[in-house]
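Here are the chains, one letter per residue:
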Amino acid sequence: MDLGVISVRYARALLKSATDLKQEDAVYSEMQTLAKSYLQVPQLRFTIDNPMLAKDKKLALLQTACGNELTKLTTMFLQLVLKENRENILQFMANSYITLYRQEKKITRGTLITATAVSPQIEEKMKKMVESKTHGTVEFNTEVDPSIIGGFILEYDTYRMDASVKTKLSKVLQELDK
């Protein structure tokens, strides 16, 4: 069976259970922390996939990777994953849960990239603009990238608005080369 299908099934079951228990927000936070742990500590995947490591040690490690004060549901989910020997796809399960949760809650991810830091008021104004376009909630992220020289780049869903000085200069240079 396809690993993507399996991970989505586990994630869907976890989301349904979490929703029934009204813990979907807490589990979402835990799955985000787990997904970040896998990205920030590449050795985590190798350690969890190690067949020589005892399941109780894997459980303790995964609980730490999910953050402090876990919900009982997440602990039970991790135990089930370990019991069924599916820990090798746990990272995919966490990412699938995050995706399913965002779809259910109509959450869009947006990013604003600027050459210098922007004020909280500007950030909030851009976030509200994206929310009005998407008719949902936006998880907004701002990044500073001095290489764009000035202006900004706004991304959400499949939309990208590049109003950076770097891009405008590149276009001018392309026109001059013709």
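Residues numbered from 1 in each chain as written. Predicted model: local features only at pLDDT ≥ 70, side-chain atom pairs only at ≥ 80, totals over all residues. Heavy atoms only, no water.

> What's the story with the overall build of the protein chain in this structure? I'm lost.
For the protein chain, the count of helices and strands is eight helices and four strands. Along the chain direction, N to C, the helices and strands of the protein chain fall in the order α-α-α-α-α-α-β-α-β-β-β-α. In terms of C-alpha radius of gyration, the protein chain reaches 20 Å, well past the compact-globule figure of 16 Å for 178 residues. Seen through its principal axes, the protein chain has C-alpha atoms that stretch 65 × 35 × 35 Å. Counting only residues that meet the buried cut, the protein chain has 35% of its 178 residues in that class. With the model as given, the accessible surface of the protein chain reaches about 11100 Å², and the carbon-plus-sulfur share is 55%. Charge centroids of the protein chain, computed over 25 positive and 22 negative side chains, lie 3 Å from each other. (Helix = DSSP H or I, 4+ residues; strand = E, 2+ residues; numbered from the N terminus. Rg over C-alpha atoms; globule rule 2.2 N^0.38 Å. Buried < 20%, exposed > 50% of the residue type's maximum accessible area, 1.4 Å probe, protein only. Areas by Shrake-Rupley, 256 points an atom, 1.4 Å probe, with all protein chains shown as cover. Lys, Arg positive; Asp, Glu negative; His and termini not counted. Charge placed at Lys NZ, Arg CZ, Asp CG, Glu CD.)

> Would you mind showing me how to read the side chain of Ser37 here?
The residue Ser37 is located in helix 2 (residues 24-40) in this model. Ser37 gets classed as buried once you look at its relative accessible area, which sits at 15%. Setting aside anything within four residues of it in sequence, one finds Ser37 in contact with Leu44 and Ala65. (Contact = heavy atoms within 4.5 Å.)

> Hey, could you run me through helix 8 (residues 165-177) in this one?
Residues spaced three or four apart along an α-helix face the same direction, because each turn holds 3.6 residues. In a regular helix each residue adds 1.5 Å, so 13 residues correspond to 18 Å; helix 8 covers 18 Å between its end C-alpha atoms and thus fits that length. Buried residues are scarce in helix 8, accounting for zero of its 13 residues. (Expected span 1.5 Å × (residues − 1).)

> Looking at this structure, I do not really get the nonpolar core. What am I missing?
Considering soluble globular proteins, one finds that nonpolar side chains tend to be buried as a cluster. Counting residues in each nonpolar core, the largest one holds 32 residues, and the members touching the most others are Met31, Leu34, Leu62, Leu90 and Tyr97. When residues of this core are traced back to their parent elements, those giving at least two are helix 1 (3-20), helix 2, helix 3 (43-49), helix 4 (55-65), helix 5 (72-83) and helix 6 (90-105). Setting aside anything within four residues of it in sequence, one finds Leu34 in contact with Leu62, Ala65, Cys66, Leu90 and Ala94. (Core = buried A, V, L, I, M, F, W, Y, C linked by side-chain atoms within 4.5 Å.)

> What exactly am I supposed to notice about the pattern of salt bridges here?
Where charged atoms from two side chains of opposite charge come close, those side chains can pair. In the structure shown here, the tally under the stated rule is nine salt bridges. Where Lys16 meets Asp20, a salt bridge forms, and the shortest distance between an N and an O atom there is 3.2 Å. Of the two residues, Lys16 and Asp20 are both situated in helix 1; the distance of four residues between them amounts to about one turn of the helix. Judged by relative accessible area, which is 53%, Lys16 ranks as exposed. For the salt bridge of Glu87 with Lys58, the shortest nitrogen-to-oxygen distance reads 2.8 Å. Taken together, the residues span a long stretch of sequence, with Glu87 in the loop between helix 5 and helix 6 and Lys58 in helix 4 at a distance of 29 residues. Note on Lys58: relative accessible area 2%, which makes it buried. Several salt bridges converge on common partners, so that one network encompasses Lys55, Lys58 and Glu87. (Salt bridge = Lys/Arg side-chain N within 4 Å of Asp/Glu carboxyl O.)

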